[in-house]
Amino acid sequence: MLLPQLKAFELLKKYNIDVPRMWIAQNTEQAVFVAENVKYPVVVKIDSPDIVHKSDIGCVRIAYNEDELKTSFISVMRNASKVTKSKNLNVVVQEFLSGYECIIGASYDKQFGPVIMFGSGGVMTELLKNVVFRLIPINESDANSMIEETNISKLANFRGKKVDLNNVVKALLAVSDLMQTEEIKELDINPMFLGERIVAADARIIL
Ligand code: ADP
Ligand code: MG
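These figures come from a predicted structure and were not determined experimentally.

Thoughts on the overall build of the chain
What the chain contains, in helices and strands, is six helices and ten strands. In summary, the chain has a C-alpha radius of gyration of 17 Å against a globular reference of 17 Å for 207 residues, a match within 12%. With the C-alpha coordinates of the chain rotated into their principal frame, the extents come out at 50 × 40 × 30 Å. Looking at the chain residue by residue over its 207 residues, the buried ones come to 52%. Put simply, 59% of the contacts in the chain that link residues at least 6 apart link residues at least 24 apart. When the accessible area of the chain is evaluated, it comes to approximately 11300 Å², of which 52% is carbon and sulfur surface. Across the chain, the 24 positively charged side chains and the 26 negatively charged ones have centroids separated by 4 Å.

Dropping the structure here:
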């Protein structure tokens, strides 16, 4: 079962992983209200157990103002209704984030048990193939070596931008801990934005 987005983010928060400001909206009025609280620009996304790859089908949009928000809301809903019969579709209105996109994943390998994955993320994850795997549980030095083995290690001093890689280590340890404690089949944080804050923008958790 795919966890609804707010539930997935709640679980990450419980393990001290930073999440964006966001809320659910079921109509444009609610979306406008949420966006005013979250502050523009916002990202509008579908939240449906039937839709795993949201942006592939036009179900992720950025809105810089109220007009754009209303059109984004309607187009995300319309695009979603082309692929699911579900009547009660929700939309998530989320804080806009910036930074380098990485992925933290975790799953069960038939032979090895729980494994954790880390690397370059975003919608190009499969293309970049810049990811590494470890068996769970990992310790601090495993987490550091995972970062070291990917392009992410170059980010610490890229163009004077501050990415505190210690916080990436903390996030990796948190996911390792979460996988050992909770009953979870699969988890994907993609993207996790690495900037001044390190924030999970998309969380796919399967129970
Ligand atoms: P999916 O992976 O289901 O297509 P995502 O939520 O990961 O949907 O969004 C797709 C892409 O949109 C992300 O890889 C990222 O580039 C961008 N994106 C998603 N959420 C945000 C956000 N809060 N701020 C900025 N960009 C975002
Ligand atoms: Mg994603």
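Text resumes after the structure shown.
Quick word on the coordination of the magnesium ion (ligand 2)
Every protein donor of the magnesium ion (ligand 2) is listed here as N190 (O) and D202 (OD), and their distances to the metal cover 2.1 to 2.2 Å. Taken as a pair, N190 in strand β8 (residues 186-194) and D202 in the loop between β9 (198-200) and β10 (203-206) lie far apart in primary sequence, twelve residues in all. For the pair N190 and D202, one class covers both residues: buried.

Digging into the sheet that holds strand β4 (residues 90-95)
Spatial strand order, β1-β4-β2-β3: four strands in an open sheet with antiparallel pairing. One side of each edge strand has no neighbouring strand; the edge strands of this open sheet are β1 (22-25) and β3 (60-63). Going from strand to strand, the sheet's axes swing by 25° on average, the running direction of each strand aside. Relative to β3, strand β2 (residues 42-47) runs antiparallel, the two being bridged by four bridges.

A word on a nonpolar patch on the surface
Together, V123, M124, L127 and L128 make up a nonpolar patch on the protein surface, roughly 440 Å² of accessible area in all. Within the secondary structure layout, L128 lies in helix α4 (residues 125-128). Here L128 falls in the partly exposed class, since its relative accessible area comes to 43%.

Remarks on the side chain of K45
Relative to the helices and strands, K45 is located in strand β2. For the buried K45, no salt bridge exists, and the shortest N-O distance to an oppositely charged side chain is 4.8 Å, to D202. Separated by 3.0 Å, the side chains of K45 and Q94 make a polar contact. Residue contacts for K45: discarding those within four places in its chain leaves Q5, K54, C59, V60, V76, N90, V91, V92, Q94, A201 and D202.

Let's talk about unusual backbone geometry
Cis peptide bonds are those with omega within 30 degrees of zero, and the linkage from I136 to P137 qualifies with 5°. With respect to the helices, strands and loops of the structure, P137 is situated in the loop between β7 (131-135) and α5 (140-148). Positive phi values are uncommon outside glycine, yet N16 reaches one of about 60°. With respect to the helices and strands, N16 occurs in the loop between α1 (5-14) and β1. With a relative accessible area of 73%, N16 lands in the exposed category. You will see that K39, though not glycine, has its phi angle at about 85°, which is positive. Relative to the elements of secondary structure, K39 occurs in the loop between α2 (28-38) and β2. Exposure remark for K39: the relative accessible area of 53% places this residue in the exposed category.

Focus: the environment of V132
You can see V132 is positioned in strand β7. By relative accessible area, which is 12% here, V132 ends up buried. For the pair V132 and N144, spaced twelve residues apart in sequence, the C-alpha to C-alpha distance is 12 Å. Not counting the four nearest positions on each side in its chain, V132 is found in contact with I116, M117, F118, M146, E149 and T150.

Procedures and definitions
Residues numbered from 1 in each chain as written. Chains lettered and ligands numbered in written order. Predicted model: local features only at pLDDT ≥ 70, side-chain atom pairs only at ≥ 80, totals over all residues. Heavy atoms only, no water. Helix = DSSP H or I, 4+ residues; strand = E, 2+ residues; numbered from the N terminus. Rg over C-alpha atoms; globule rule 2.2 N^0.38 Å. Buried < 20%, exposed > 50% of the residue type's maximum accessible area, 1.4 Å probe, protein only. Contact = heavy atoms within 4.5 Å. Areas by Shrake-Rupley, 256 points an atom, 1.4 Å probe, with all protein chains shown as cover. Lys, Arg positive; Asp, Glu negative; His and termini not counted. Charge placed at Lys NZ, Arg CZ, Asp CG, Glu CD. Donors = N, O, S within 2.8 Å, 3.2 Å for Na, K, Ca; no water. Pairing = 2+ DSSP bridges. Axes fitted to C-alpha atoms, helices over the stretch in contact; angles between N-to-C directions. Patch = residues over 30% accessible without salt bridge, like charges linked within 9 Å, V, L, I, M, F, W, Y side chains within 5 Å. Salt bridge = Lys/Arg side-chain N within 4 Å of Asp/Glu carboxyl O. Polar contact = N/O pair within 3.5 Å; in protein donor to acceptor, adjacent residues only side chain to side chain.

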